[in-house]
Amino acid sequence: TSSPGKRPYMVYLQLTKDSAKAHKYRGWLCGGVIVDNNYVLTSAACVEDADKFYVVSGTTKFVDSLDYKSDDCVCHHRRKVVWKCIPKNYKFDFQDSIKWSSNDIAIVKVDKPFKIGVQEKGCEFAADCIRYNNISRDLEKAGTKGYIAGWGSGSNFREGVYRRQSTHVPENAKCLQEAKVCIMDNEQCAKKWAQRFRSIITQYMICTKDVMKRLSEICDKKYANCTDVESRRLELEDDAHFRLDIGRHLRDPEDLSARRTLKQGGFCENDHGGPLIVKYQGKDRVIGVISACKIDPKGHGCHGPFLYTSVFKNRQFLS
């Protein structure tokens, strides 16, 4: 769990009650970070088809939109999104994943500026901006330790639930979670994905692998499934056995996707749009946006390497 105020730039996007399918997700949309007094960086897959939504800042608590009035911070200080911007060539398409993967990145604007450095009444801490990587791809070097953060659920729970229940309640983490990750070599990462993704990954994406915990957890089946032991199977050219989870629970609720436990530092369901953060000159800097992982249709586990849209490769779009 991330302590209040440790990552003051972290926000989440929340659908309004009357937004389509809001009841299914308890209003959850995506994670994001504040990059300017008026703007939030998130994923294009999150906002492409969303219309009425808010940005919640100044809190580590996840409050769902059906009872947002119970929390003073969310009730009085959530900000309405008035504008969103997605790269021109971004096209979400389940069949042709190449179209989204190179630029799954977006900026949204809020109706009133964030009060940087001022704690709003009822909130846990003052919001702040995080700088983004407009310096160099060197910040994405293999071996670099970084962090991911979000309110994603810590377990695999989406195994066909949609068909059995009229409402799907994502078990979001009640508080902001974070995990340590390690950036891996792009070429090595690309080899673990199907041929058609490889040039996209090397050109536009950042990959991370898990930072392994001590091996006493090796008996935990979920844990063992997700280590690199599986990589030989994943290197098969034909990726027919794997589906992708690209955070598009809004478009295709039948997509059976889930992510894995937080133990390993892989991202979880509902972490999309959140940041990949590294320290640069002593300060946090966002270098990637959480984008995609692989789903094993049998165990519904999420397999790495995990993919993030490179902020540096999209710096012109951001500026």
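Residues numbered from 1 in each chain as written. Predicted model: local features only at pLDDT ≥ 70, side-chain atom pairs only at ≥ 80, totals over all residues. Heavy atoms only, no water.

Inclusion rule: UniProt positions are given in the numbering used here, feature names are shortened, and annotations may be inferred rather than shown by experiment.
Looking up the protein chain in an unreviewed UniProt entry gives the name Seminal fluid protein HACP010, with the organism given as Heliconius xanthocles. Turning to the protein chain, the UniProt annotation filed under Sequence similarities (unreviewed entry) states: "Belongs to the peptidase S1 family. CLIP subfamily."

**Focus: the packing of aromatic side chains**
The way to describe two aromatic rings as a pair is by their centre distance and the angle between their planes. Heads up, the condition is: We call Phe, Tyr and Trp rings a pair once their centres come within 6.5 Å, taking the six-membered ring for Trp, and we label the pair stacked below 30 degrees between planes, edge-to-face above 60, and tilted otherwise. Each helix is a run of H or I in the DSSP string that is no shorter than four residues. Each strand is a run of E no shorter than two, and both are numbered from the N terminus. Buried means the residue's accessible area, taken with a 1.4 Å probe over protein chains only, is under 20% of the maximum for its type, while exposed means over 50%, and partly exposed covers the values in between. Our definition puts a charge over a ring when NZ of Lys or CZ of Arg is within 6 Å of the ring centre and also within 35 degrees of the ring normal.
The tally for this structure, following the rule as stated, stands at 4 aromatic pairs. With 4.8 Å between their ring centres and 65° between their planes, Tyr12 and Trp151 make a pair best called edge-to-face. Here Tyr12 is found in strand β1 (residues 10–15), whereas its partner Trp151 is found in the loop between β8 (145–150) and α5 (161–164), with 139 residues between them in sequence. Here Tyr12 falls in the buried class, since its relative accessible area comes to 0%. Three or more aromatic residues joined by ring pairs make a cluster, and in this case those are Tyr12, Phe62 and Trp151. Of note, Arg7 hangs over the ring of Tyr147, and the distance from its end group to the ring centre comes to 4.9 Å.

**Remarks on the side chain of Ser291**
Rules: Polar contact criterion, stated in full: a pair of N or O atoms within 3.5 Å, where within protein one must be able to donate a hydrogen and the other to accept it, and residues adjacent in sequence count only if both atoms are side-chain atoms.
Mapped onto the fold, Ser291 is located in strand β13 (residues 283–295). The class for Ser291 is buried, based on a relative accessible area of 0%. At a separation of 2.9 Å, a polar atom in the side chain of Ser291 contacts the side chain of Asp104.

**Re the sheet that holds strand β2 (residues 28–36)**
Heads up, the rule is: For two strands to pair, DSSP has to find at least two bridges joining them. To get an axis, fit a line to the C-alpha atoms, keeping to the stretch in contact for a helix; angles then go from 0 to 180 degrees between the N-to-C directions.
Overall, antiparallel pairing links the 6 strands, which are arranged β1-β2-β3-β6-β5-β4 in a closed barrel. Averaged over neighbouring strand pairs, the angle between their axes works out to 45° when direction is ignored. Direction of pairing for β2 relative to strand β3 (residues 39–42): antiparallel, over a ladder of 3 bridges. The residue bridging Val33 from the neighbouring strand is Leu41, located in β3.

**Here's the deal with the pairing of β2**
Along β2, 8 of the 9 residues are buried, which leaves the element largely enclosed by surrounding structure. Across 5 bridges, the pairing between β1 and β2 is antiparallel. What sits directly across from Val11, in β2, is Gly32. Between β2 and β3, which pair antiparallel one after the other, the connecting turn spans 2 residues.

**Notes on the confidence of the model for the protein chain**
Which entries qualify depends on this criterion: What pLDDT expresses is the predictor's confidence in each residue, scored from 0 to 100. Residue contacts follow a heavy-atom distance rule, with two residues in contact if any of their heavy atoms lie within 4.5 Å.
On average, residues of the protein chain score 76 in pLDDT, and 66% of them reach the 70 mark or higher. Here α5 is the element of the protein chain with the lowest mean pLDDT, 30, and strand β7 (residues 131–132) is the one with the highest, 98. For residues 155–168, every residue scores under 50 in pLDDT, and the model assigns this stretch 43 contacts once sequence neighbours within four places are set aside.

**Thoughts on the state of the cysteines**
Convention followed: Sulfur atoms of two cysteines make up a disulfide when they are within 2.5 Å.
Applying the stated criterion across every chain yields a total of 3 disulfides. Cys30 shares a disulfide with Cys46; S-S distance 1.8 Å. Disulfide Cys30 to Cys46: torsion about the S-S bond roughly -65°, handedness left-handed. Remark: Cys46 occurs in helix α2 (residues 44–47) and Cys30 occurs in strand β2; sequence separation between them is 16 residues. Accessibility classification places Cys30 together with Cys46 in one group, the buried group. Between the sulfur atoms of Cys73 and its disulfide partner Cys123 the distance amounts to 2.0 Å. Its S-S torsion of about 90° marks the bond between Cys73 and Cys123 as right-handed, since a negative value means left-handed. Taken together, the residues Cys73 in helix α3 (residues 72–77) and Cys123 in the loop between β6 (106–110) and β7 connect sequence positions 50 residues apart. By relative accessible area, Cys123 is classed as buried at 9%.

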